[in-house]
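Here are the chains, one letter per residue:
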Amino acid sequence: MNWGTNMADHDKELEHLFAQARDARDVFPDNLAVRIETDAEAVRLARSAHKRRRTWRDRMNVIGGWHGVSGLVAASAAGIWIGFSAPAFLPDPADYFVSQDATYLVADLNLDENYLEDAE
Amino acid sequence: MEDLTSYPNEAHGGFSAVPELSDEELLGRFADGNAAAARLLTGRLGPRSYSVALRMLGNQAEAEDVTQEAMMRLWKMAPDWVPGQAQISTWLYRVTLNLCLDLRRRKRPDALENVAEPEDESASVVDRMQDTERKDALQAALDQLPDRQRQAVVLRHIEELSNPEIAGIMDISVEAVESLTARGKRSLAALLAGRRDELGYEHG
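Residues numbered from 1 in each chain as written. Chains lettered and ligands numbered in written order. Predicted model: local features only at pLDDT ≥ 70, side-chain atom pairs only at ≥ 80, totals over all residues. Heavy atoms only, no water.

### As for the overall build of chain A
(1) Moving on: Regarding its fold elements, chain A presents 6 helices and 0 strands.
(2) Moving on: The N-to-C order of helical and strand elements in chain A reads α-α-α-α-α-α.
(3) Moving on: Put simply, chain A has 120 residues, and 17% of those count as buried.
(4) Moving on: In the form shown here, chain A has an accessible surface area of approximately 9400 Å², with 60% of it arising from carbon and sulfur atoms. (Helix = DSSP H or I, 4+ residues; strand = E, 2+ residues; numbered from the N terminus. Buried < 20%, exposed > 50% of the residue type's maximum accessible area, 1.4 Å probe, protein only. Areas by Shrake-Rupley, 256 points an atom, 1.4 Å probe, with all protein chains shown as cover.)

Shown next, in the form of structure tokens:
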């Protein structure tokens, strides 16, 4: 091999091969494009779901995060329970409305007993 | 959400019609949830990653896997991209090259990086080149180059990047790029000449 005399030919051949390789760059497998786009869609959907979760978390953080939410739920449940089943040592305001004796109420009207009989 | 679906699909040759959207803008829109932006980026950047991976690895299936992984990393880092910090293509080339190196090291764990360039290894590689005669001559010769020379030659003479761009991708000086490409071309020429002599072809 005579490098001195053939160097220009070698360079020319190399440039020709580079040009061929550059032309081949346009070949991009369709299935590869599909694989890449499928990955992109999976990442996009996962990020979208994460954003939705984060939005709820941000809202909860306003009232103190999970501790705040659980405290709020517990307090609400206790309030409802006390409302329906008050401890014995507390006056039950509901008694004023539902456990009054009907006779007592009628007596309060100060009506004559015969009035009721006449009505029948 | 802005709809990009009215733009031509770049993967099928129409992307030059939407030059107003930079890679960075498209990545930002993808990060905001736009699926069409991903299709445009795939058509624009996928072939560049694939081309480099194919020349670095000399194997289509491996090049496809590397390109898919490089693009996956692009999708995942999209929300964290800082506008103006660098070219996305530069980032993608670097990721692709690193993935190629990782793959080659896994396949050849005993391979040494940055091995000294032999003075004239054309005679010793002819036998190996005959084993790869189904590959094109350039690829067979590229496969024999040290990793850094092959990277520089592929980026300069096949991807047609500028020396400063290559320096940014390889994280070396422009002078080092020039040196690597010059040595790489000399090695390629020697390998190709050796192969031609071995096969009994005439010069010229």
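Still more ground to cover, so stick around.
### Points about the pattern of salt bridges
(1) Moving on: Scanning all chains against the criterion turns up 12 salt bridges over all chains.
(2) Moving on: Glu62 of chain B is the salt-bridge partner of Lys107 of chain B, the closest N and O atoms lying 2.9 Å from each other. Taken as a pair, Lys107 of chain B in helix 4 (residues 88–107) and Glu62 of chain B in helix 3 (residues 60–77) lie far apart in primary sequence, 45 residues in all.
(3) Moving on: The buried category is assigned to Glu62 of chain B, whose relative accessible area is 17%.
(4) Moving on: Because the salt bridges share partners, they merge into one network encompassing Arg22 and Arg25 of chain A together with Glu160 of chain B. (Salt bridge = Lys/Arg side-chain N within 4 Å of Asp/Glu carboxyl O.)

### Comments concerning the UniProt feature "transmembrane region" (unreviewed entry) in chain A
(1) Moving on: The feature "transmembrane region" (unreviewed entry), as given by UniProt, occupies residues 62–84 of chain A in the numbering adopted here.
(2) Moving on: End C-alpha to end C-alpha, residues 62–84 of chain A measures 30 Å, and it is 91% helix and 0% strand. (UniProt positions renumbered as here; feature names shortened; annotations may be inferred.)

### Things to note about the packing of aromatic side chains
Residues and elements named next belong to chain B.
(1) Moving on: Applying the stated criterion across every chain, the model contains 2 aromatic pairs over all chains.
(2) Moving on: Seen from their ring centres, Phe30 and Trp75 are 5.0 Å apart, and the 50° between their planes marks the pair as tilted. Note that Phe30 is positioned in helix 1 (residues 23–31) and Trp75 in helix 3, a separation of 45 residues in sequence.
(3) Moving on: A relative accessible area of 0% places Trp75 in the buried class. (Phe/Tyr/Trp six-rings, centres within 6.5 Å; stacked < 30°, edge-to-face > 60°.)

### Considering the side chain of Asp143 of chain B
All names here are of chain B.
(1) Moving on: Within the secondary structure, Asp143 sits in the loop between helix 6 (137–142) and helix 7 (147–158).
(2) Moving on: Here Asp143 falls in the buried class, since its relative accessible area comes to 18%.
(3) Moving on: Separated by 2.9 Å, the side chains of Asp143 and Gln139 make a polar contact. (Polar contact = N/O pair within 3.5 Å; in protein donor to acceptor, adjacent residues only side chain to side chain.)

### Structural notes on the environment of Ser22 of chain B
(1) Moving on: Inspection of the secondary structure puts Ser22 of chain B in the segment before helix 1.
(2) Moving on: For the pair Ser22 of chain B and Ile88 of chain B, spaced 66 residues apart in the sequence, the C-alpha separation amounts to 9.6 Å.

### A word on the packing of helix 1 of chain B against helix 2 (residues 35–57) of chain B
All names here are of chain B.
(1) Moving on: Taken N-terminus to C-terminus, the directions of helix 1 and helix 2 make an angle of 145°; their axes are 8 Å apart at the nearest point. In the crossing of helix 1 with helix 2, the sense of the turn from one axis to the other is left-handed. Mapping the contact onto sequence places Asp23, Leu26, Leu27, Arg29 and Phe30 in helix 1 and Ala37, Ala38, Leu40, Leu41, Arg44 and Leu45 in helix 2.
(2) Moving on: Across the contact of helix 1 with helix 2, the residue classes tally to 8 nonpolar, no polar and 3 charged. (Axes fitted to C-alpha atoms, helices over the stretch in contact; angles between N-to-C directions. Left-handed = near helix turned anticlockwise from the far one by under 90°. Contact = heavy atoms within 4.5 Å. Nonpolar A, V, L, I, M, F, W, Y, C, P; charged D, E, K, R; others polar.)

### Re the interface of chain A and chain B
(1) Moving on: Each partner contributes to the interface: chain A provides 30 residues, whereas chain B provides 42 residues.
(2) Moving on: Summed over both partners, the interface of chain A with chain B buries about 3300 Å², with 64% contributed by carbon and sulfur atoms.
(3) Moving on: It is Phe18, Arg25 and Arg47 of chain A in chain A that bury the most area against chain B; as a group they hold 18% of the surface buried on that side.
(4) Moving on: Our enumeration of links across chain A and chain B arrives at 5 salt bridges.
(5) Moving on: The closest approach of N and O atoms between Arg22 of chain A and Glu160 of chain B, which form a salt bridge, is 3.5 Å.
(6) Moving on: Listed by contribution, the elements that provide at least two residues to the side of chain A that touches chain B are helix 1 (3–23) and helix 2 (30–62) of chain A.
(7) Moving on: Element by element, the count of residues in the side of chain A that touches chain B is highest for helix 2 of chain A, at 13 residues.
(8) Moving on: A class-by-class count of the residues in the side of chain A that touches chain B yields 15 nonpolar, 3 polar and 12 charged. (Buried area = accessible area lost by both parts, 1.4 Å probe.)

### Brief notes about the nonpolar core
(1) Moving on: One finds Trp75, Leu138, Leu155 and Leu188 of chain B to be the most contacted residues of the largest nonpolar core, which totals 63 residues.
(2) Moving on: Ranked by residue count, the leading element in this core is helix 2 of chain B, at 10 residues.
(3) Moving on: There are two domains that each give this core at least three residues, and those are domain 1 (1–111) and domain 2 (112–204) of chain B.
(4) Moving on: Apart from residues lying up to four places away in sequence, Leu138 of chain B is in contact with Leu14, Leu17, Phe18 and Ala21 of chain A together with Arg55, Ile158, Leu188 and Leu192 of chain B. (Core = buried A, V, L, I, M, F, W, Y, C linked by side-chain atoms within 4.5 Å. Domains from an automatic or database assignment.)

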